[in-house]
Amino acid sequence: QVKFDSGVLLLSTHRLIWRDQKNHECCIAVPLSQIVFIEEQAAGIGKSAKIVVHLHPASSNKEPGPFQSSKYSYIKLSFKEHGQIEFYRRLSEEITQRRWESIPTGQAMQVKKDSQAGRIRAVGIVGIERKLEEKRKETDKNISEAFEDLSKLMEKAKEMVELSKSIANKIKEKQGDITEDETIRFKSYLLSMGIANPVTRETYGSGTQYHMQLAKQLAGILQTPLEERGGIMSLTEVYCLVNRARGLELLSPEDLVNACKMLESLKLPLRLRIFDSGVMVIELQSHNEEEMVAAALETVSEKGSLTADEFAKLVGMSVLLAKERLLLAEKMGHLCRDDSVEGLRFYPNLFLTQS
Amino acid sequence: LPQAKYKERGTVLAEDQLAQMSKQLDMFRTNLEEFASKHKQEIRKNPEFRVQFQDMCATIGVDPLASGKGFWAEMLGVGDFYYELGVQIIEVCLALKHRNGGLITLEELHQQVLKGRGKFAQDVSQDDLLRAIKKLKVLGSGFGIIPVGGTFLVQSVPAELNMDHTVVLQLAEKKGFVTVSEIQASLKWETERARQVLEHLLKAGMAWLDSQAPAEPQYWLPALFSELCSQELSPEHAREATP
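Please read these numbers as outputs of a predicted model, since none were measured by experiment.

## Some points on the pattern of salt bridges
Charged atoms that come close allow side chains of opposite charge to pair.
All names here are of chain B.
Stage number 1. Evaluated as defined, the whole model comprises 30 salt bridges over all chains.
Stage number 2. Here aspartate 127 ties to arginine 131 by a salt bridge, and the two come within 2.9 Å at their closest N and O atoms. A residue pair is termed a helical-turn pair when its members lie 3 or 4 positions apart in one helix, as aspartate 127 and arginine 131 do in helix 6 (residues 126-136) at four residues.
Stage number 3. By relative accessible area, which is 17% here, arginine 131 ends up buried.

## Quick word on empty space enclosed by the protein
Residues and elements named next belong to chain B.
Stage number 1. Using the criterion set out here, one finds one cavity of 30 Å³ or more in the structure.
Stage number 2. Size it by volume and the largest cavity reaches roughly 40 Å³.
Stage number 3. Lining the largest cavity, in full, are Val168, Leu169, Ala172, Val178, Leu198, Leu201, Ala207, Tyr219 and Leu221.
Stage number 4. Those elements that provide at least two residues to the lining of the largest cavity are helix 7 (163-173) and helix 9 (191-203).
Stage number 5. Of all the elements, helix 7 adds the most residues to the lining of the largest cavity, at three residues.
Stage number 6. Residues belonging to the lining of the largest cavity are distributed by class as follows: nine nonpolar, no polar and no charged.

## Considerations on the UniProt feature "coiled-coil region" (unreviewed entry) in chain A
Stage number 1. Here, UniProt's "coiled-coil region" (unreviewed entry) annotation points to residues 129-156 of chain A.
Stage number 2. Along residues 129-156 of chain A the backbone is 100% helical and 0% strand, and the end-to-end C-alpha distance reaches 40 Å.

## Considerations on helix 9 of chain B
Because each turn of an α-helix spans 3.6 residues, side chains separated by three or four positions end up pointing in the same direction.
Residue and element names in this part refer to chain B.
Stage number 1. Its 13 residues give helix 9 an end-to-end C-alpha distance of 18 Å, which sits within 8% of 18 Å, the value for a rise of 1.5 Å per residue.
Stage number 2. Those residues of helix 9 that sit buried are Ala194, Val197, Leu198, Leu201 and Leu202. Buried residues of helix 9 fall within an arc of 140° about the axis and therefore sit on the same side.
Stage number 3. Where helix 9 is buried, its residues touch helix 7, strand 4 (177-178), helix 8 (180-187), strand 5 (208-210) and strand 6 (218-220).

## A few points about the confidence of the model for chain A
Residue and element names in this part refer to chain A.
Stage number 1. Scored by pLDDT, chain A comes out at a mean of 82, with 84% of its residues at no less than 70.
Stage number 2. Note that residues 107-123 has pLDDT below 50 and, in this model, eleven contacts with residues that lie over four places away or in other chains.
Stage number 3. For residues 201-205, every residue scores under 50 in pLDDT, and the model assigns this stretch five contacts once sequence neighbours within four places are set aside.

## Some thoughts on the packing of helix 5 (residues 235-246) of chain A against helix 6 (residues 253-261) of chain A
Residues and elements named next belong to chain A.
Stage number 1. Put simply, helix 5 and helix 6 touch, their axes get as near as 11 Å, and they point 115° apart. In this structure, helix 5 meets helix 6 at a crossing whose hand is right-handed. Where helix 5 abuts helix 6, its residues Leu235, Val238 and Tyr239 lie against Pro253, Leu256, Val257 and Cys260.
Stage number 2. Split into classes, the residues belonging to the contact of helix 5 with helix 6 amount to seven nonpolar, no polar and no charged.

## Quick look at the packing of aromatic side chains
Residues and elements named next belong to chain B.
Stage number 1. The full count for this structure, using the stated rule, is eight aromatic pairs over all chains.
Stage number 2. Plain terms: the ring middles of phenylalanine 28 and tryptophan 72 are 5.6 Å apart, the flat faces sit at 65° to each other, and that makes the pair edge-to-face. Taken together, the residues phenylalanine 28 in helix 1 (residues 2-45) and tryptophan 72 in helix 3 (residues 71-76) connect sequence positions 44 residues apart. The pair formed by phenylalanine 28 and tryptophan 72 is uniform in burial state, with each residue classed as buried.

## Describing the sheet that holds strand 6 of chain B
All names here are of chain B.
Stage number 1. Ordered in space as 4-6-5, the three strands form an open sheet in which the pairing is antiparallel. Each edge of the open sheet is held by one strand with a lone partner, namely strand 4 and strand 5.
Stage number 2. Across three bridges, strand 5 lies against strand 6 in antiparallel orientation. Looking across to strand 6, one finds that leucine 209 is bridged to tyrosine 219.

## A short note on the interface of chain A and chain B
Stage number 1. Tallying the contact residues gives 70 residues for chain A and 73 residues for chain B.
Stage number 2. Counting the surface chain A buries against chain B, the share from its top three residues, A:His82, A:Leu153 and A:Met154, is 9%.
Stage number 3. At the boundary of chain A with chain B, the tally comes to six salt bridges.
Stage number 4. Between B:Lys135 and A:Glu254 there is a salt bridge, with its nearest N and O atoms 2.7 Å apart.
Stage number 5. The interface formed by chain A and chain B contains 19 residue pairs in polar contact (both at pLDDT 80 or more).

## Structural notes on the nonpolar core
Stage number 1. Core analysis: the biggest nonpolar cluster contains 86 residues, and B:Trp72 and B:Ile89 have the highest contact counts within it.
Stage number 2. Core analysis: the second largest hydrophobic core is formed by 25 residues, B:Ala172, B:Ile183, B:Met206 and B:Ala207 among them.

## Topic: the pairing of strand 12 (residues 343-348) of chain A
Residue and element names in this part refer to chain A.
Stage number 1. Here strand 10 (residues 306-307) pairs with strand 12 via two bridges, running antiparallel. Bridged to threonine 307 within strand 12 is arginine 345.
Stage number 2. Relative to strand 12, strand 11 (residues 335-340) is paired through six bridges, and the arrangement is antiparallel. If you follow aspartate 338 over to strand 12, its bridge partner there is arginine 345.
Stage number 3. Linking strand 11 back to strand 12 in an antiparallel pair, the connection comprises two residues.

What counts as what
- Residues numbered from 1 in each chain as written.
- Chains lettered and ligands numbered in written order.
- Predicted model: local features only at pLDDT ≥ 70, side-chain atom pairs only at ≥ 80, totals over all residues.
- Heavy atoms only, no water.
- Salt bridge = Lys/Arg side-chain N within 4 Å of Asp/Glu carboxyl O.
- Helix = DSSP H or I, 4+ residues; strand = E, 2+ residues; numbered from the N terminus.
- Buried < 20%, exposed > 50% of the residue type's maximum accessible area, 1.4 Å probe, protein only.
- 1 Å grid on protein atoms, 1.4 Å probe; cavity = no way out; pocket = protein on both sides within 12 Å on 5 of 7 lines; lining within 4 Å.
- Points joined across faces, edges and corners; volume = space filled by probe spheres on them.
- Nonpolar A, V, L, I, M, F, W, Y, C, P; charged D, E, K, R; others polar.
- UniProt positions renumbered as here; feature names shortened; annotations may be inferred.
- Expected span 1.5 Å × (residues − 1).
- Arc of directions from axis to C-beta.
- Contact = heavy atoms within 4.5 Å.
- pLDDT = per-residue confidence, 0-100.
- Axes fitted to C-alpha atoms, helices over the stretch in contact; angles between N-to-C directions.
- Left-handed = near helix turned anticlockwise from the far one by under 90°.
- Phe/Tyr/Trp six-rings, centres within 6.5 Å; stacked < 30°, edge-to-face > 60°.
- Pairing = 2+ DSSP bridges.
- Buried area = accessible area lost by both parts, 1.4 Å probe.
- Polar contact = N/O pair within 3.5 Å; in protein donor to acceptor, adjacent residues only side chain to side chain.
- Core = buried A, V, L, I, M, F, W, Y, C linked by side-chain atoms within 4.5 Å.

And the structure:
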């Protein structure tokens, strides 16, 4: 094991480069042409994931490096902070494409084309290749079994989709002759399978019993956080808050939206509001955004003019919601904008007040 | 009277089918349980398998990530994986928004998310990120994906970006910046159209203006800064290379 710890691995069309994170002067590289093949080593307890890079024997005119020679014909790259999946993919691509053969390198590096180097196959390498082939076959077998099972499962899932379509058609034909109970049942079946509701696209969206329950839960969970944040939160904030609190059995974004759509009809103390921009927020019923606009106008007047960023900082709101409030104030005629490349700035609307 | 009879039959038919669906659903649940017991780990560990799984679901019209209450999420655990990723993506984008105007490359997002997840968390691929982001769209805060070069830009603010904006972003992706002349040369637009698009990006904070550039003003995308740094070309060489 060598002492090259804590660095950044870079991949170019020609080389694999490692640069020490602490000492930027320290930088080592391996030409991609030296690579025979690479294999992945999964992470384990106390071990990070690795990529093993098997190399050709060094050519006699190799560039000076940390070691003149080694008894090993491979190097191991240890990914202590992940990224190995993408890196393996990219490195495989570069090795397959062999772009270093067609693209000339830049300055500095002296590339002596040793046409012999690529053709020499040491005995040890053949053994490694055989081992890798066996391992590939074994993995392939596991994968193909998994794929087979997956295909069979999908066949069954497809049947469910067909059935749901046929029921949906029936419902469409018998407009209104389907009981509400049956509609609710049908929706919950669709929810379980993850099939989009082909029939109803109205008020409750894909609302089901589950979403009704969820809506009630949310009303409980969000009361205090909303009070702490001035009565209003964006849906992305809510999504993060709720899921971080849950830890397991998280809500999907759609679950959240569908539940929130039911808040008002369930007469809960929160409601969903959608601004013109498409931004979605949850407000306390007691919250009155239009009243907040009056306060915002005062703040802006005090300062002469404000951007959304400045207003957000001043008032202690997220920039997203600050902007929506200022836009609403503008819509109501209290503020007007100065939209330049310096930024979007809001001023009290003097046309209104000083006429 | 025959009308009423007809109505009744109609309802009964649907009832029959619903009962059938309920039974088949139970059977499917069992099948899925069996599949999960054998291959749940595979899905967790193998990003390629995840992609296959997602693609097959999409083909037959099933969205395994639609609800945390769905069978797929419950039994395969795919839900929690992607929904948690969603939270991490939101947090990274929020943290960097002041710097890049709400536009970030998929690569940088990937790096930052991995950092945030820590050493002991499971690795995620770029495909995983894209799927999580697609789900976040529905929350209304402007999450979107813009294809550029060979990769993607991830938008996380509700700024309106139409085809014109997207095309200019794609043009800028090559060097990290773009000029009005380049737009005119590549896209054959009039000056005014180019200027409007660039102004929109400036106002959104997604582009920065370098009015002191030698030939003409350059519009840089901060979202691409980290990508420029990772290229072999050093900034000095880059400057030399530009006319």
